[in-house]
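Topology and contacts: notes
Okay, here's what each chain looks like letter by letter:
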Amino acid sequence: MNHAHPARPTVDRRTAAAWLAAGLLAGCAGGPPVVPATPPRPSRMSDEQAQDATVLALGLVGTTYRYGGNTPEGGFDCSGLIMYVYRAAGLATPRTVREMSLWGQPVHPSFVRTGDLAIFGSRGDASHAGILVGQGRFVHAPSTGGTVSLARLAEGYWSSRLIGYRRPL
């Protein structure tokens, strides 16, 4: 009895490489947007306002975390902390992290400054944010039961969830 196998279709290497490249590009489409390595446009937040925001954010370290909170007396969640600090610097921000992740302008890592926002999440979906304060650190209100704290961008947890940076236009 002859058990002949059906002939396998052949695909040349260029066609296979093209399909592989298309698949890899499609897999990357859901990641964070690529920000050009060009200086950001001028911002409504001056360098002086950015420094003031940084000093205020650092002064709030130790304040109680409270979901939905937006005052030092009542506590802060991460977006409430940013709203409070930016309001003191003369700027209005959106209320939610998701809105903040689309607000203002993206900033390439080589052009970040103190006062900019660091946006965190997974698969490009923003879920947390903090205020950059220099030397690779940021101030944020991390979670229930915690307090406003200072963290490093290079820490494994945060570095693996960094989506990008934002600055007011």
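What counts and how
Residues numbered from 1 in each chain as written. Predicted model: local features only at pLDDT ≥ 70, side-chain atom pairs only at ≥ 80, totals over all residues. Heavy atoms only, no water. Helix = DSSP H or I, 4+ residues; strand = E, 2+ residues; numbered from the N terminus. Buried < 20%, exposed > 50% of the residue type's maximum accessible area, 1.4 Å probe, protein only. Contact = heavy atoms within 4.5 Å. Areas by Shrake-Rupley, 256 points an atom, 1.4 Å probe, with all protein chains shown as cover. Phe/Tyr/Trp six-rings, centres within 6.5 Å; stacked < 30°, edge-to-face > 60°. Pairing = 2+ DSSP bridges. Axes fitted to C-alpha atoms, helices over the stretch in contact; angles between N-to-C directions. Polar contact = N/O pair within 3.5 Å; in protein donor to acceptor, adjacent residues only side chain to side chain. Salt bridge = Lys/Arg side-chain N within 4 Å of Asp/Glu carboxyl O. Expected span 1.5 Å × (residues − 1). Arc of directions from axis to C-beta.

Looking only at helices and strands, one finds 5 helices and 8 strands in the protein. In the protein, the succession of helices and strands from N to C terminus is α-α-β-β-α-α-β-β-β-β-β-α-β. Looking at the protein residue by residue over its 169 residues, the buried ones come to 37%. Counting only contacts in the protein whose residues sit at least 6 apart along the sequence, the fraction spanning at least 24 positions is 56%. When the accessible area of the protein is evaluated, it comes to approximately 10,100 Å², of which 58% is carbon and sulfur surface.

Before going further, it helps to spend a moment on the packing of aromatic side chains. A ring pair, where both rings are aromatic, is described by two values, the distance of the centres and the angle of the planes. Inspection of the entire model under this criterion finds 6 aromatic pairs. Here Phe-138 and Trp-158 contribute two aromatic rings whose centre-to-centre distance is 5.5 Å and whose plane-to-plane angle is 85°, an arrangement assigned as edge-to-face. Taken together, the residues span a long stretch of sequence, with Phe-138 in strand S6 (residues 137–140) and Trp-158 in helix H5 (residues 156–159) at a distance of 20 residues. Exposure remark for Phe-138: the relative accessible area of 0% places this residue in the buried category.

Let's shift gears to the sheet that holds S6. Spatially, S3-S8-S4-S5-S6-S7 is the arrangement adopted by the 6 strands of the open sheet, whose pairing is antiparallel. Both edges of this open sheet fall to strand S3 (105–107) and strand S7 (149–152), since each of them pairs with a single strand only. Geometrically, the sheet is characterised by an average inter-axis angle of 45° between neighbouring strands, direction not taken into account. As paired strands, S3 and strand S8 (residues 162–167) are joined by 3 bridges and run antiparallel to one another. By the bridge assignment, Gln-105 is partnered in S8 with Arg-167. On the sheet, helix H2 (residues 47–59) packs against strand S5 (125–134), S6 and S7 and is oriented at approximately 105° with respect to S5. Seen against the sheet, helix H3 (residues 78–88) touches strand S4 (117–122), S5 and S6 and runs at an angle of roughly 45° to S5.

With respect to the secondary-structure elements, His-128 resides in strand S5. Taking relative accessible area as the criterion, His-128 reaches 8% and is therefore assigned buried. Reaching out from His-128, the side chain makes a polar contact with the side chain of His-140 at a distance of 2.8 Å. When sequence neighbours within four positions are dropped, the list of residues in contact with His-128 reads Cys-78, Val-97, Ala-118, Ile-119, Phe-120, His-140, Ala-141, Pro-142 and Trp-158.

Enumeration over the complete set of coordinates arrives at 5 salt bridges. Here Arg-113 and Asp-116 are joined by a salt bridge, their closest N and O atoms 3.9 Å apart. Classification of Asp-116 as buried rests on a relative accessible area of 0%. Each of Asp-47, Arg-113, Asp-116 and Arg-167 takes part in salt bridges that share partners, so that together they form one network.

In this model H2 runs 18 Å from its N-terminal to its C-terminal C-alpha over 13 residues, within 8% of the 18 Å that 1.5 Å per residue would give. Turning to H2, its buried residues number three or more, namely Ala-50, Ala-53, Thr-54 and Ala-57. The arc that holds every buried residue of H2, seen down its axis, measures 100°, which confines them to one face. Opposite its buried face, H2 presents the exposed residues Glu-48, Val-55 and Gly-59, each directed more than 90 degrees away. The elements touched by buried residues of H2 are H3, S5 and S6.

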